[in-house]
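Breakdown of the fold
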Amino acid sequence: MRFLTTSGVAAALEDLTRDARRQLVLVTPYLKLSANFADRLADADARGVQITLLYGKDDLAPAQRKTLEALDHLTLHYYEHLHAKCYYNESRLIISSMNLYEYSEKTNREMGVLVESGTDVYHQAVEEAESIMRAGEKPLREKAKRSRAPRSKKVAPSTDDRGLLAKVADRVKKATAPTGHCLRCGSDVPLDPEAPYCKKCFGSWVRFKNPSYEESHCHACGKDQKSSLKKPVCLPCYRKLAA
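Residues numbered from 1 in each chain as written. Predicted model: local features only at pLDDT ≥ 70, side-chain atom pairs only at ≥ 80, totals over all residues. Heavy atoms only, no water.

1. Re the environment of R65
As for its position among the elements, R65 is in helix α3 (residues 62-69). The class for R65 is partly exposed, based on a relative accessible area of 30%. Residues R65 and K32, spaced 33 residues apart in sequence, show a C-alpha to C-alpha distance of 10.0 Å. (Helix = DSSP H or I, 4+ residues; strand = E, 2+ residues; numbered from the N terminus. Buried < 20%, exposed > 50% of the residue type's maximum accessible area, 1.4 Å probe, protein only.)

Here's what the structure looks like:
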């Protein structure tokens, strides 16, 4: 564990974003991205990092919304009573007084601590962040999509951001191969990207309901591949099924 001053928090947060390979979670009541940090987020998004942003003040400026909407791998959450500030990737976590707000970095006196994954503090902080997300509203991007849909249109059960599922689920269900594989354990299950877990593994997944959580198998071919509920099949299988 390492103590951080204002400049230390800013530098550690930039490193956290730059070094993320699988996930990046940003928990901040106030949100106003600097141009530099927006570029770092875009770089992480281009690497395929699953970015989760939880904020607590529903007054995002149009420019901020435009920046966030350009990120393909972003899940946006809102929790009205949020006051915590926490930032983490798969290897490190920052707990700080600093909002993800340009003014805070340039003007305020802040402090924080940096902890490594594998520690009790890391795991407890991640569990609390996920608990807050579960208590908050659905991701605002999906909420906005639903609000624009005709009232008479039936909305199919979905994850927070269906992404690939929305494009191939119906085709996959009509595919000639009836057997798929559990994302987590690889066991045989019905081929259905909207339900890609066996009963046992689904019981484990549903504790946190994180559609971006990294799993181990492609749902279609069963090979050892990085996957998630949002992206349950590997690229070759996606191309084959979507053809």
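2. Observations regarding the nonpolar core
Within the largest apolar cluster, 29 residues are counted, with the highest numbers of intra-cluster contacts made by L26 and L68. If you look at the next biggest cluster of nonpolar residues, it comprises 14 residues, including C86, Y88, Y122 and M133. (Core = buried A, V, L, I, M, F, W, Y, C linked by side-chain atoms within 4.5 Å.)

3. Describing the pairing of strand β7 (residues 92-96)
Extensive coverage of β7 is indicated by the burial of four of its five residues. In this sheet, β7 lies alongside strand β6 (residues 86-89) in antiparallel orientation, the contact comprising three bridges. Among the inter-strand pairings, Y87 is bridged to a residue of β7, identified as I94. Between β6 and β7, which pair antiparallel one after the other, the connecting turn spans two residues. (Pairing = 2+ DSSP bridges.)

4. Some details on a nonpolar patch on the surface
Residues M1, I95 and V121 make up a contiguous nonpolar surface patch of roughly 290 Å² in combined accessible area. Mapped onto the elements, V121 comes out in helix α5 (residues 120-135). (Patch = residues over 30% accessible without salt bridge, like charges linked within 9 Å, V, L, I, M, F, W, Y side chains within 5 Å. Areas by Shrake-Rupley, 256 points an atom, 1.4 Å probe, with all protein chains shown as cover. Salt bridge = Lys/Arg side-chain N within 4 Å of Asp/Glu carboxyl O.)

5. What about the packing of aromatic side chains?
Going through the model one piece at a time under the given rule, you end up with five aromatic pairs. Each ring, one from Y88 and one from Y122, has its centre 6.3 Å from the other, and the planes form 75 degrees; the classification is edge-to-face. Of this pair, Y88 sits in strand β6 while Y122 sits in helix α5, and the two are 34 residues apart along the sequence. Summarising the burial analysis for this pair, Y88 and Y122 share the class buried. Among the aromatic residues, those joined into a cluster by ring pairs are Y197, F202 and W205. (Phe/Tyr/Trp six-rings, centres within 6.5 Å; stacked < 30°, edge-to-face > 60°.)

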